[in-house]
Amino acid sequence: MLHYTVVFLVIALIAAVLGFGGLAAGAAGIAKILFLVFLVFAAISFLMGLMRKG
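Residues numbered from 1 in each chain as written. Predicted model: local features only at pLDDT ≥ 70, side-chain atom pairs only at ≥ 80, totals over all residues. Heavy atoms only, no water.

Participant: Please clarify how the side chain of Thr5 should be interpreted in this entry.
Facilitator: Along the polypeptide, Thr5 turns up in helix 1 (residues 2-18). Setting aside its immediate chain neighbours within four residues, Thr5 contacts Ala31, Leu34 and Phe35. (Helix = DSSP H or I, 4+ residues; strand = E, 2+ residues; numbered from the N terminus. Contact = heavy atoms within 4.5 Å.)

Participant: What exactly am I supposed to notice about the packing of helix 1 against helix 2 (residues 21-53) here?
Facilitator: What describes two packed helices is the angle between their axes and the distance between those same axes. In contact at an axis separation of 8 Å, helix 1 and helix 2 are set at 160° when each is read in the N-to-C sense. The angle between the axes of helix 1 and helix 2 places the two elements in the roughly antiparallel class. In this structure, helix 1 crosses over helix 2, and the sense of that crossing is left-handed. Across from Leu2, Tyr4, Thr5, Phe8, Leu9, Ile11, Ala12, Ala15 and Ala16 in helix 1, the residues of helix 2 making contact are Leu23, Ala24, Ala27, Ala28, Ile30, Ala31, Leu34, Phe35 and Phe38. Its residues placed into classes, the contact of helix 1 with helix 2 shows 17 nonpolar, one polar and no charged. (Axes fitted to C-alpha atoms, helices over the stretch in contact; angles between N-to-C directions. Parallel < 35°, antiparallel > 145°, perpendicular 65-115°, else oblique. Left-handed = near helix turned anticlockwise from the far one by under 90°. Nonpolar A, V, L, I, M, F, W, Y, C, P; charged D, E, K, R; others polar.)

Remember, this is a structural readout, not a statement about activity or role.
Now the structure itself:
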């Protein structure tokens, strides 16, 4: 999941440098969403690990 976030972030940066504002904004939005999903899954995984050790 984090890999895809980095990929979309790189796409957004390249598109911004080349002047494709709409594409850059879309890729950056997707990267933000994927990063938030990654954070939620990481937090859930961390909490489940703490509960299992008990």
